[in-house]
Amino acid sequence: MALKKKKRGQSEYFFDYSLLFIVLFLLGFGLVMIYSTSSYEAAQEYGSSTYFLQKQLFATILGLIMMIVVANIPYRFWEKFALVGYMAAMVLILLIIPFGKEANGAKRWLIIAGISLQPAEVAKLCMILFLAVVVCKMGKGIRTTKGFLLVLLMPLPVVLMVWKITSNMSSAIIIMGIAILMLFVASPDYKKFIIMALGVIAAAAVVVFVIVNMANGDGLDFRGERILAWLDPEAYADGKGFQTLQALYAIGSGGIWGKGLGQSMQKLGFIPEAQNDMIFSIICEELGLFGAVAIILMFIMLIWRLMVIANNAPDLFGALLVVGVLGHIAIQVILNIAVVTNTIPNTGISLPFISYGGSSVMFLLIEIGLVLNVAKRIQLKEM
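Residues numbered from 1 in each chain as written. Predicted model: local features only at pLDDT ≥ 70, side-chain atom pairs only at ≥ 80, totals over all residues. Heavy atoms only, no water.

1. Thoughts on helix H12 (residues 316-340)
Piece 1. Over its 25 residues, H12 runs 36 Å from end to end, which matches the ideal 36 Å to within 8%, given 1.5 Å per residue.
Piece 2. Buried residues dominate H12, accounting for 23 of its 25 residues.
Piece 3. A positive backbone phi angle near 60° is found at asparagine 342, which sits one or two residues after H12. (Helix = DSSP H or I, 4+ residues; strand = E, 2+ residues; numbered from the N terminus. Expected span 1.5 Å × (residues − 1). Buried < 20%, exposed > 50% of the residue type's maximum accessible area, 1.4 Å probe, protein only.)

2. What about the packing of helix H7 (residues 169-186) against helix H8 (residues 190-213)?
Piece 1. The geometry of H7 relative to H8 is characterised by a closest axis approach of 10 Å and an angle of 155° between their N-to-C directions. Our classification of the angle between H7 and H8 gives roughly antiparallel. Judged by residue contacts, Ile180, Leu183 and Phe184 of H7 engage Tyr190, Phe193 and Met196 from H8.
Piece 2. Of the residues in the contact of H7 with H8, the class split is six nonpolar, no polar and no charged. (Axes fitted to C-alpha atoms, helices over the stretch in contact; angles between N-to-C directions. Parallel < 35°, antiparallel > 145°, perpendicular 65-115°, else oblique. Contact = heavy atoms within 4.5 Å. Nonpolar A, V, L, I, M, F, W, Y, C, P; charged D, E, K, R; others polar.)

3. Thoughts on the packing of aromatic side chains
Piece 1. Throughout the structure, instances matching the rule amount to 16 aromatic pairs.
Piece 2. Ring centres of tyrosine 75 and phenylalanine 317 lie 6.0 Å apart, and the angle between their planes is 25°; this geometry places the pair in the stacked category. Of this pair, tyrosine 75 sits in the loop between helix H2 (51-71) and helix H3 (82-99) while phenylalanine 317 sits in helix H12, and the two are 242 residues apart along the sequence. Accessibility classification places tyrosine 75 together with phenylalanine 317 in one group, the buried group.
Piece 3. Residues phenylalanine 77 and phenylalanine 81 carry aromatic rings whose centres are separated by 5.3 Å and whose planes lie at 55° to one another, so their mutual orientation is tilted.
Piece 4. You can call phenylalanine 81 partly exposed: its relative accessible area is 34%.
Piece 5. Clustering of aromatic rings is evident, with ring pairs tying together Tyr46, Tyr51, Phe52 and Tyr356.
Piece 6. One residue, lysine 164, lies across the ring of tryptophan 163, its end atom 4.2 Å from the ring centre.
Piece 7. Between lysine 192 and the ring centre of phenylalanine 148, over which it is positioned, the NZ or CZ distance is 4.5 Å. (Phe/Tyr/Trp six-rings, centres within 6.5 Å; stacked < 30°, edge-to-face > 60°. Lys NZ or Arg CZ within 6 Å of the ring centre and 35° of its normal.)

4. Digging into the pattern of salt bridges
Piece 1. Applying the stated criterion across every chain yields a total of six salt bridges.
Piece 2. For the salt bridge of lysine 259 with glutamate 285, the shortest nitrogen-to-oxygen distance reads 3.0 Å. Placement of the pair is lysine 259 in the loop between helix H10 (242-254) and helix H11 (279-312) and glutamate 285 in helix H11, with a sequence separation of 26 residues.
Piece 3. Measuring nitrogen to oxygen at the nearest pair gives 3.2 Å for the salt bridge that ties glutamate 286 to lysine 267. With glutamate 286 in helix H11 and lysine 267 in the loop between H10 and H11, the pair connects residues that are 19 residues apart, well separated along the chain.
Piece 4. On the accessibility criterion, lysine 267 (7% relative accessible area) is buried.
Piece 5. Via salt bridges that share partners, Arg76, Glu79 and Asp315 belong to a single interconnected network. (Salt bridge = Lys/Arg side-chain N within 4 Å of Asp/Glu carboxyl O.)

5. Considering the side chain of asparagine 336
Piece 1. Here asparagine 336 is to be found in helix H12.
Piece 2. Residues in contact with asparagine 336, not counting those within four places in the same chain, are Asp277, Phe280, Ile349, Ser350 and Leu351.

6. A few points about a nonpolar patch on the surface
Piece 1. A cluster of nonpolar side chains, namely Ile256, Trp257, Leu289, Phe290, Val293, Ile296, Leu297 and Ile300, defines an oily patch on the protein surface of about 820 Å² accessible area.
Piece 2. Relative to the elements of secondary structure, isoleucine 300 occurs in helix H11. (Patch = residues over 30% accessible without salt bridge, like charges linked within 9 Å, V, L, I, M, F, W, Y side chains within 5 Å. Areas by Shrake-Rupley, 256 points an atom, 1.4 Å probe, with all protein chains shown as cover.)

7. Quick word on the sheet that holds strand E4 (residues 106-112)
Piece 1. One open sheet accounts for three strands, arranged E3-E4-E5; its pairing is antiparallel. In this open sheet, the two edge strands, each paired with only one partner strand, are strand E3 (101-103) and strand E5 (115-117). The average undirected angle you get between the axes of adjacent strands in this sheet is 45°.
Piece 2. Where E4 lies against E5, three bridges are found, and the strand directions are antiparallel. Opposite leucine 110, over in E5, you have leucine 117 as the bridge partner. (Pairing = 2+ DSSP bridges.)

Dropping the structure here:
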């Protein structure tokens with residue numbers, strides 16, 4: 001059974017062992033791939049092939065402890081901290097300006113008690129909690145145009161701060177995507193969302209058109225260059241198209257069954273920091289199409305389990321929490337794979353549970369803890 005019975009007095013409750021197994025599998029697989037992908041670079045730069053593995057293992061263990069704690073605290077307890085979390089996320093982002101740590105040309109991290117923390121990951125979790133509370137308090141008012149626009153505008157301060165202060169457009173897009181999905185579940189007015197989708201597509205098309213026509217001129221920032229490299233990576237093979245081309249070479253060289261675990265050539269300095277955003281390309285090279293499809297299927301199963309829990313949640317607040325987590329994971333997986341396969345322009349998006357990144361894995365596991373707590377309170381019905 002996917003959902004195992006758990007007795008409490010005279011009542012029976014679900015505990016989703018399938019969800020837990022999928023998450024643990026992805027974590028274990030991620031650690032194996034991080035070691036396989038980063039061992040060469042870690043040995044060259046830090047003198048230890050397990051440097052990145054050790055750091056990720058520490059973050060994973062810490063995240064699992066947090067997941068267990070959160071899974072055993074009634075999710076309604078966190079409702080009172082929604083506004084505090086929303087404000088705390090903005091304060092942490094602002095602290096990036098004077099105290100932020102810079103890495104690879106980006107200033108996105110804070111060092112707290114010796115641990116590197118990315119405020120954008122905190123913002124994702126806090127936004128899920130905050131919007132779940134707001135939607136529940138608004139009730140049917142969210143179905144009005146005023147209520148709809150109010151909820152839609154609430155994430156914008158955090159989104160703009162993540163984008164401008166940390167120069168992290170990908171996280172800003174994810175936070176906004178989470179908000180839109182939660183809003184859609186609470187107010188499924190298809191007409192509004194179709195109009196919004198068409199507007200976004202039209203705006204993106206205009207931006208691409210303008211950038212292409214500026215290609216021979218000056219004034220393009222690095223994002224504009226990434227769009228040009230997306231359209232023609234070979235023309236920018238020495239610049240913004242380099243990483244994309246190397247990732248595509250890795251995917252193509254893997255074939256059906258791959259070269260074998262640990263046998264990647266592209267990780268030997270060809271793909272910069274392959275253990276981060278481009279780890280999916282190394283999965284394709286070492287494990288082939290078979291391995292890539294297997295991982296995609298695991299993510300589909302994870303999203304399906306989250307949908308089951310959301311549909312059976314005991315109240316709207318619990319359902320919205322699960323939908324927010326679902327949106328976070330689904331959007332990030334889709335965008336990461338789209339970037340690696342050059343379906344969309346290159347931007348820094350990690351693959352959940354698998355890419356290297358301590359903040360990401362810790363806060364994802366906290367979110368899974370929330371989901372497990374909601375699942376534990378789904379009461380079985382006697383047939």
